[in-house]
Amino acid sequence: MRDMRQWIAVGAAVGLVAVTLPMLREHDVQLGGLLAKKTTAGSPTITRTVTPPPLTDLDLTRIDDRRTPPTAPAHGDRVAELTIDPMYQRAAIGFLRAGQVPEGAVVMTDIRTGKVLVWASYVNEGAMHDVAAEATAPSASVFKVVTGTALVEAGLSPNTKQCYSGGEHSIRPADLVDNKRRDKYCATLAQAMGRSINTVFARLAAKNLDREKLGAVAEKLGWGQDTPFDVKVATSTISLPEDELGFARTAAGFWNTTLSPFQGANLATTVANGGEMIRLHVVSSVKDEVGDIYQGPSERQVLKRVMDESTANAVTAMMEATVDNGTSYRSFHDRNGRPYLPDIRVAGKTGTLTKPTPEGPFYTWFVGFAPSRKPEVAISVMVANSAKWRVKATNVACDMLRTYFADKGAPGVSDPNNRTGATAQRR
């Protein structure tokens, strides 16, 4: 009997660990250790041991935002209460629907706590699937945030200047070679980030980085890694070519990497937090027919530091150029040049890439956070359009940030939801 009690005790302990660490992979050693320590303040907790674990079969494609807090179904009769804000969630789905996008996703997070405020997957045709958790879209020029981070760590600054020519739609061998007669334009690293100048990133990467350096930074920021979350999220992939041209093209954002909308939000949240990666979470509690079986994190959970604060500040400065005078300027300003978010500076990065197939799709990204110097929210938007399109990710991102800051009472910010079809009618 004594032996039997010992085995029961061991089994209970194993079961407790299993349910305390739902959805974690075996090699998530750092987070596993963090949550396994009973002394860690604010960790997720199991209020009652159940089988299977509390978050099993959590379905974020079936979020019910008609109530507060919003809910999603899990295994059997379990119901998960979510950290999602119902107004922001409805706005995200509304903007994607109004833009008639074939497929898209919006993920918005609270910078300070890691709570997911929006988890919106939208599919216009075909079977519903969790677009926000998938990593099928190319990272495109969002990967320049990774390359920019690596370049800063290699000793460059946002003011580092590089002259260039060519490279708007592709990178040729000649584009990697400095040529005073051909290089009629020059840009700082910050300007190159804002205007997404491919040749500048390709040349600087070829001169200052190698596969090991760039790969190490990408890995720290989540590429090729299983990032802990409440549901299974596809791994953002990376394959760095060994040849110089292929390497430079990848560093500039041409193929060889993929990105999930979740990972885009994780990237933005990390930079906004001064280089600390925190655990994002969407579940506040799980209940079954008896009562509570799980409580989500009650405090901010730091996973690791992935870059120095000074590096994060430099990357932020580069990302600000995207909205100030770069590729997102037109989406964040009206036709008269007036900002939709007056006195709120936004740090962001766009990405645009079309799959080389007759049917496309045409991918656009916006990954960023605001306010850039005192961040509150991070946002990741991916839109997969067909050849004919009405909105891009930058339009949706701007309207989502307007929705958030109008709700917070920010002076001069209007709620785009009060203008019928605002997103769909924009350029």
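Residues numbered from 1 in each chain as written. Predicted model: local features only at pLDDT ≥ 70, side-chain atom pairs only at ≥ 80, totals over all residues. Heavy atoms only, no water.

A. Layout of the overall build of the protein chain. Along the backbone of the protein chain there are 13 helices and 15 strands. Out of the 427 residues belonging to the protein chain, those deemed buried represent 57%. Put simply, of all contacts in the protein chain between residues at least 6 apart along the chain, 69% involve residues at least 24 apart. Of the roughly 18600 Å² of accessible surface on the protein chain, 50% is carried by carbon and sulfur atoms. (Helix = DSSP H or I, 4+ residues; strand = E, 2+ residues; numbered from the N terminus. Buried < 20%, exposed > 50% of the residue type's maximum accessible area, 1.4 Å probe, protein only. Contact = heavy atoms within 4.5 Å. Areas by Shrake-Rupley, 256 points an atom, 1.4 Å probe, with all protein chains shown as cover.)

B. View of the environment of Arg-345. Relative to the assigned elements, Arg-345 resides in the loop between helix H11 (329–332) and strand E13 (347–354). Judged by its relative accessible area of 40%, Arg-345 is partly exposed. Along the chain, Arg-345 and Asp-324 lie 21 residues apart, while their C-alpha atoms are 8.0 Å from each other. In contact with Arg-345, other than residues within four places in its own chain, are Glu-320, Asp-324, Ala-370, Pro-371, Ser-372 and Arg-373. Reaching out from Arg-345, the side chain makes a polar contact with the side chain of Asp-324 at a distance of 2.6 Å. (Polar contact = N/O pair within 3.5 Å; in protein donor to acceptor, adjacent residues only side chain to side chain.)

C. Highlighting the pattern of salt bridges. Per the stated rule, a full pass over the model turns up 18 salt bridges. The salt bridge involving Arg-305 is made with Glu-276; its shortest N-O contact spans 3.9 Å. On the criterion of sequence distance, the pair formed by Arg-305 in strand E12 (residues 302–305) and Glu-276 in strand E9 (residues 276–278) is long-range, its members being 29 residues apart. Take Arg-305: its relative accessible area is 44%, and that puts it in the partly exposed class. With a shortest N-O distance of 2.8 Å, Arg-338 and Asp-334 are connected by a salt bridge. Classification of Arg-338 by relative accessible area gives exposed; the value is 51%. One salt-bridge network, held together by shared partners, links Asp-178, Asp-183, Arg-203 and Lys-207. (Salt bridge = Lys/Arg side-chain N within 4 Å of Asp/Glu carboxyl O.)

D. Here's a closer look at the confidence of the model for the protein chain. Averaged over the protein chain, the pLDDT score is 90; the fraction of residues at 70 or greater is 88%. Considering only residues more than four positions removed or in separate chains, one finds that residues 1–39, a stretch of pLDDT under 50, has 43 contacts. Under a pLDDT of 50 for its full length, residues 420–427 has, in the predicted model, 23 contacts with residues more than four places off or in other chains. (pLDDT = per-residue confidence, 0-100.)

E. Quick peek at helix H3 (residues 86–98). End to end, H3 covers 18 Å across 13 residues, agreeing with the expected 18 Å (1.5 Å per residue, within 8%). Every buried residue of H3 is listed here: Pro-86, Tyr-88, Gln-89, Ala-91, Ala-92, Ile-93, Phe-95 and Leu-96. If you check the start of H3, you find a side-chain oxygen 3.0 Å away from the backbone N of Met-87, and it comes from Asp-85. Immediately beyond the C-terminal end of H3, within one or two residues, lies Gln-100, with a positive phi of roughly 50°. (Expected span 1.5 Å × (residues − 1).)

F. Just the nonpolar core, in detail. Ranked by size, the top nonpolar core spans 91 residues in total, and within it Leu-60, Leu-82, Trp-119, Leu-214, Phe-229, Val-283 and Phe-369 carry the most contacts. Among the elements that line this core, the one with the most residues is helix H9 (residues 261–272), at six residues. Beyond its immediate chain neighbours, meaning those up to four positions away, Leu-82 contacts Leu-60, Ile-63, Pro-69, Pro-70, Thr-71, Ala-72, Val-282, Val-283 and Ser-284. Among the nonpolar cores identified, the runner-up in size contains 36 residues, and Leu-96, Val-323, Ala-393 and Met-400 belong to it. (Core = buried A, V, L, I, M, F, W, Y, C linked by side-chain atoms within 4.5 Å.)

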